[in-house]
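Coordinates in review
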Amino acid sequence: LRISGAIEAELAATESARQLLERAIALMLQHPSGRVGALAQAHGLLADLDTRTGRPDAARRRLEAFLASAGYHQERTKAVLQPALASAARALLALGDLPGAERYAGDALAIAEKSARGPDSSADVGELLTVLAQLKAASHQQAEAIPLLERAIRCFTNALGADARPTNDARDLLRAMTVG
């Protein structure tokens, strides 16, 4: 169900994806032991769906409740929480809570860098660097955003290829920052 929900979310079948993800979460909560990582991923996907459909506050509330229940405040670099932390950073960025978004993105980046094969080889690292660059740009710190995007492009290129959508999106964002 979680995978079906993620696929439908990517294909923009929003309501169907939401229902599948909510059902997957409900099923996992019936037997929660050992499922924190799957719950983090499902909550993150559902929160991303909320953020993309103009409901970032719902995403924030969902993720703050999940992260609290998963012990995030006691152990901020729990590897299984990375997807939820990344989604929380995106939701808070959409809400304009730049310090909160930066805290979540920084924690998620620390986790992603620990599990990456190399410093510039992980799409997860590239994704979080892109979020951090967007935060810097929103804070009018383009000079600090540019090296983050340059590294994100290297990460995406090495992990996904030079023509992958995230690679091109990061290039477009960098181009927009350096032209303006």
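Preceding block: the structure.
This text gives an overview of the structure that appears in the document. (Residues numbered from 1 in each chain as written. Predicted model: local features only at pLDDT ≥ 70, side-chain atom pairs only at ≥ 80, totals over all residues. Heavy atoms only, no water.)

1. Thoughts on the overall build of the protein
To be explicit about the condition: To qualify as a helix, a DSSP run of H or I must reach at least 4 residues; to qualify as a strand, a run of E must reach at least 2; elements of each kind are numbered from the N terminus. Summary of the burial criterion: residues with accessible area below 20% of their type's maximum are buried, those above 50% are exposed, and those between are partly exposed, where the area comes from a 1.4 Å probe applied to protein chains only. Any two residues having at least one pair of non-hydrogen atoms within 4.5 Å are treated as being in contact. Calculation of accessible area relied on Shrake-Rupley with a 1.4 Å probe; when residues are assessed, cover is drawn exclusively from the protein chains displayed. Counted charges follow a simple rule, with Lys and Arg positive, Asp and Glu negative, and His plus the chain ends left uncounted. Charge coordinates come from a single atom per side chain, which is NZ of Lys, CZ of Arg, CG of Asp or CD of Glu.
When you go through the protein residue by residue, the secondary structure sums to nine helices and zero strands. The principal-axis extent of the C-alpha atoms belonging to the protein is close to 50 × 35 × 30 Å. Taken across its 180 residues, the protein has 44% of its residues classed as buried. Within the protein, contacts between residues at least 6 apart in sequence are counted, and of these 55% link residues at least 24 apart. Of the accessible surface of the protein, which amounts to about 9000 Å², a share of 53% is contributed by carbon and sulfur atoms. Treating the 21 positive side-chain charges of the protein as one cloud and the 21 negative ones as another, the clouds have centres 4 Å apart.

2. A look at the packing of aromatic side chains
Note the threshold: Paired rings are identified among Phe, Tyr and Trp, the last through its six-membered ring, by centres lying within 6.5 Å, and are further divided according to the angle between planes into stacked (under 30 degrees), edge-to-face (over 60) and tilted (the rest). Lysine and arginine charges are scored as sitting over a ring when NZ or CZ, respectively, is within 6 Å of the ring centre and within 35 degrees of the ring normal.
One pass over the full model with this rule turns up one aromatic pair. When the ring of Tyr72 is compared with that of Tyr104, the centres are 5.7 Å apart and the planes differ by 45°; the resulting orientation is tilted. Placement of the pair is Tyr72 in the loop between α4 (56-69) and α5 (82-95) and Tyr104 in helix α6 (residues 98-115), with a sequence separation of 32 residues. For the pair formed by Tyr72 and Tyr104, the shared burial category is buried. The ring of Tyr104 has Arg103 sitting right over it, with the charged end atom 4.8 Å from the ring centre.

3. Focus: the side chain of Ser87
Here Ser87 shows up in helix α5. Other than its neighbours up to four places away in sequence, Ser87 contacts Gly44, Leu45, Ala47, Asp48 and Leu63.

4. Here's the deal with the nonpolar core
Operational definition: Grouping buried Ala, Val, Leu, Ile, Met, Phe, Trp, Tyr and Cys residues that are joined through side-chain atoms within 4.5 Å yields what is termed a nonpolar core.
With 54 residues, the main nonpolar core has Phe66, Leu67, Leu81, Leu85, Tyr104 and Leu135 as its most contacted residues. Excluding anything up to four places from it in sequence, Leu81 contacts Val36, Ala40, Phe66, Leu67, Ala70 and Tyr72.

5. Examining the environment of Glu150
Summarising the element assignment, Glu150 is placed in helix α8 (residues 142-160). Residues Glu150 and Thr130, spaced 20 residues apart in sequence, show a C-alpha to C-alpha distance of 9.2 Å.

6. Details of the pattern of salt bridges
Let me state the cut-off plainly: Think of a salt bridge as a Lys or Arg side-chain nitrogen and an Asp or Glu carboxyl oxygen that are within 4 Å of each other.
Per the stated rule, a full pass over the model turns up 14 salt bridges. One salt bridge in this structure joins Asp172 and Arg175, with 2.9 Å as the shortest N-O distance. Of this pair, Asp172 and Arg175 both sit in helix α9 (residues 165-179), separated by three residues, roughly a single helical turn. For Arg175, a relative accessible area of 45% corresponds to the partly exposed category. Several salt bridges converge on common partners, so that one network encompasses Asp57, Arg60, Arg61 and Glu64.

7. Looking at the packing of α4 against α5
Any two packed helices are characterised by the angle at which their axes cross and by the distance between the axes. Rule in force here: Orientation is described by axes fitted as lines to C-alpha atoms, over the contacting stretch for helices, and by angles from 0 to 180 degrees between their N-to-C directions. Whether a crossing is left-handed or right-handed is set by the direction in which the near helix is turned from the far one by less than a right angle, anticlockwise for left-handed and clockwise for right-handed. Amino acid classes used here: Ala, Val, Leu, Ile, Met, Phe, Trp, Tyr, Cys and Pro are nonpolar; Asp, Glu, Lys and Arg are charged; the rest, including Gly, are polar.
Two numbers describe how α4 lies on α5: the axes approach to 9 Å, and their chain directions differ by 145°. Handedness of the crossing formed by α4 with α5: left-handed. Judged by residue contacts, Pro56, Asp57, Ala59, Arg60, Leu63, Phe66 and Leu67 of α4 engage Ala84, Leu85, Ser87, Ala88, Ala91, Leu92, Ala94 and Leu95 from α5. Taken together, the residues of the contact of α4 with α5 sort by class into twelve nonpolar, one polar and two charged.

8. Quick notes on α5
The criterion, for reference: Take the number of residues in a helix, subtract one, and multiply by 1.5 Å to get its expected span.
In this model, α5 (14 residues) spans 20 Å end to end at C-alpha, consistent with the 20 Å of a helix rising 1.5 Å per residue. With ten of 14 residues buried, α5 is to be regarded as a mostly interior element. By the burial criterion, the buried members of α5 are Gln82, Ala84, Leu85, Ala86, Ser87, Ala88, Ala89, Ala91, Leu92 and Leu93. Looking at the buried residues of α5, the elements they touch are α3 (36-52), α4, α6 and α7 (123-138). A positive phi of about 85° marks Gly96, the residue just after α5.

These figures capture arrangement, not role.
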